Amino acid sequence: MKIISTIKELKTALNNKGEIGLVPTMGALHLGHKSLIEKSVSQNKITVVSVFVNPTQFGINEDFDKYPRTLESDADICKALGVDYIFAPSANEMYDDEKNTTLICPSYYDVDKLCGKSRVGHFDGVATVVGKLFNIVRPNRAYFGKKDAQQLFIIQKMVSNLNFDVEIIPCPIVREKDGLAMSSRNIYLSPEARIEALKISQTLFKIKEMFNQGINDLKTLTDAVFALLDSEKIEYFEIVQSNSFQIYENIDIIKPNSIALIALKIENVRLIDNIDL
Ligand code: AMP
């Protein structure tokens with residue numbers, strides 16, 4: 001396995017090597033990332049894992065500076081999983097001007113709702129870096145976790161709208177034994193916050209249970225969420241149609257093929273999770 005930090009070297013290394021799988025990450029790899037990597041290794045001749053804490057997807061008051069950077073241990077994990085290349089560029093390598101230019105993500109991508117509402121510009125940065133990675137790596141397949149459901153939807157939309165020649169492979173959410181969705185940000189949690197964080201998945205499991213029992217009106221489901229979680233910490237709870245990411249409103253009846261999503265801020269750590277209904 002080789003760690004490559006320049007676009008030129010990566011392109012040369014990948015030339016005529018056969019089918020390529022790409023797993024874009026920001027590093028601090030955990031079992032969630034591992035599941036994506038394993039899938040790529042099993043489905044492609046070559047697997048590239050990008051490790052890049054992308055500055056353009058962080059807002060000014062967000063955790064870009066303190067985001068965990070653990071390239072050495074990430075490399076050990078990738079090597080053990082059979083990854084061929086880690087692409088770990090600098091910000092200057094990816095963005096050749098000081099302003100870290102982003103594409104403008106059109107609003108019909110719905111970038112200004114759910115996570116995009118509080119994280120203004122976030123999905124513009126995500127779409128930009130993923131688009132750049134697709135053009136650099138030219139993967140046959142790219143692997144994204146359903147943990148970041150809105151991100152996955154936006155990438156799928158970008159690929160279809162811009163005719164990128166890549167198959168997007170959605171991967172299931174990997175959870176801790178007790179249900180907490182794995183995230184590189186979980187290491188920020190104090191023991192007390194970790195206990196509170198667990199309520200997110202427990203609430204989503206409860207919503208799914210209620211839905212499976214035939215409770216399908218938005219108000220009852222929303223009331224249940226606000227009863228189970230500390231409402232002051234909820235950034236949003238929404239249910240969307242999975243094929244359009246259209247948010248159900250007010251008196252809507254929730255249909256199958258929907259996703260319930262929660263964002264919660266505990267001790268300044270922003271956590272997201274979701275569940276298919
Ligand atoms: P990140 O490093 O957080 O940008 O995540 C890189 C990729 O891993 C994204 O496609 C995420 O959706 C995915 N991912 C992160 N956490 C999980 C998880 N718990 N289960 C499945 N995929 C995940």
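Use the structure listed above.
We now turn to the structure provided with this report. As the structure is a prediction and not an experimental result, all values here were calculated from the model.

**Concerning the nonpolar core**
Right, so step 1: Membership of the largest hydrophobic core comes to 47 residues, with the highest contact counts inside it found for Val48, Phe87, Phe134, Ile155 and Ile168.
Right, so step 2: The element best represented in this core is helix 6 (residues 122–137), accounting for 9 residues.
Right, so step 3: Not counting the four nearest positions on each side in its chain, Val48 is found in contact with Leu14, Ile20, Gly21, Leu22, Val23, Tyr85, Phe87 and Val137.
Right, so step 4: Core analysis: the next-biggest nonpolar cluster, separate from the first, contains 33 residues, Leu198, Ile234, Ala260 and Ile275 among them.

**Some remarks on the pairing of strand 9 (residues 269–276)**
Right, so step 1: Counting buried residues along strand 9, 7 of its 8 residues qualify, which places the element largely inside the surrounding structure.
Right, so step 2: Here strand 8 (residues 258–266) runs beside strand 9; their pairing, made up of 8 bridges, is antiparallel. Residue pairing in the sheet places Ile266 in a bridge with Val269 of strand 9.
Right, so step 3: Here strand 8 folds back onto strand 9 in antiparallel fashion, the turn holding 2 residues, of which Glu267 has a positive phi close to 45°.

**A closer look at the site of the ligand**
Right, so step 1: Lining the immediate surroundings of the ligand are 17 residues, of which His33, Gly145, Asp148, Val174 and Met182 lie closest.
Right, so step 2: A distance of 2.9 Å is found between an oxygen atom of the ligand and a backbone nitrogen or oxygen belonging to Met26.
Right, so step 3: Contact distances for the ligand include 2.9 Å between an oxygen atom and a side-chain N or O atom of His33.
Right, so step 4: Relative to its unbound accessible surface of 480 Å², the ligand loses 92% to contact with the protein.
Right, so step 5: For the shell around the ligand, the elements supplying multiple residues, two or more each, are strand 2 (20–25), helix 2 (31–43) and strand 5 (141–145).
Right, so step 6: Looking at the shell around the ligand, the element that brings in the most residues is helix 2, giving 3 residues.
Right, so step 7: Of the residues contributing to the shell around the ligand, the split by class is 9 nonpolar, 6 polar and 2 charged.

What counts, and where the lines are drawn
- Residues numbered from 1 in each chain as written.
- Predicted model: local features only at pLDDT ≥ 70, side-chain atom pairs only at ≥ 80, totals over all residues.
- Heavy atoms only, no water.
- Core = buried A, V, L, I, M, F, W, Y, C linked by side-chain atoms within 4.5 Å.
- Buried < 20%, exposed > 50% of the residue type's maximum accessible area, 1.4 Å probe, protein only.
- Helix = DSSP H or I, 4+ residues; strand = E, 2+ residues; numbered from the N terminus.
- Contact = heavy atoms within 4.5 Å.
- Pairing = 2+ DSSP bridges.
- Near = heavy atom within 4 Å.
- Polar contact = N/O pair within 3.5 Å; in protein donor to acceptor, adjacent residues only side chain to side chain.
- Areas by Shrake-Rupley, 256 points an atom, 1.4 Å probe, with all protein chains shown as cover.
- Nonpolar A, V, L, I, M, F, W, Y, C, P; charged D, E, K, R; others polar.

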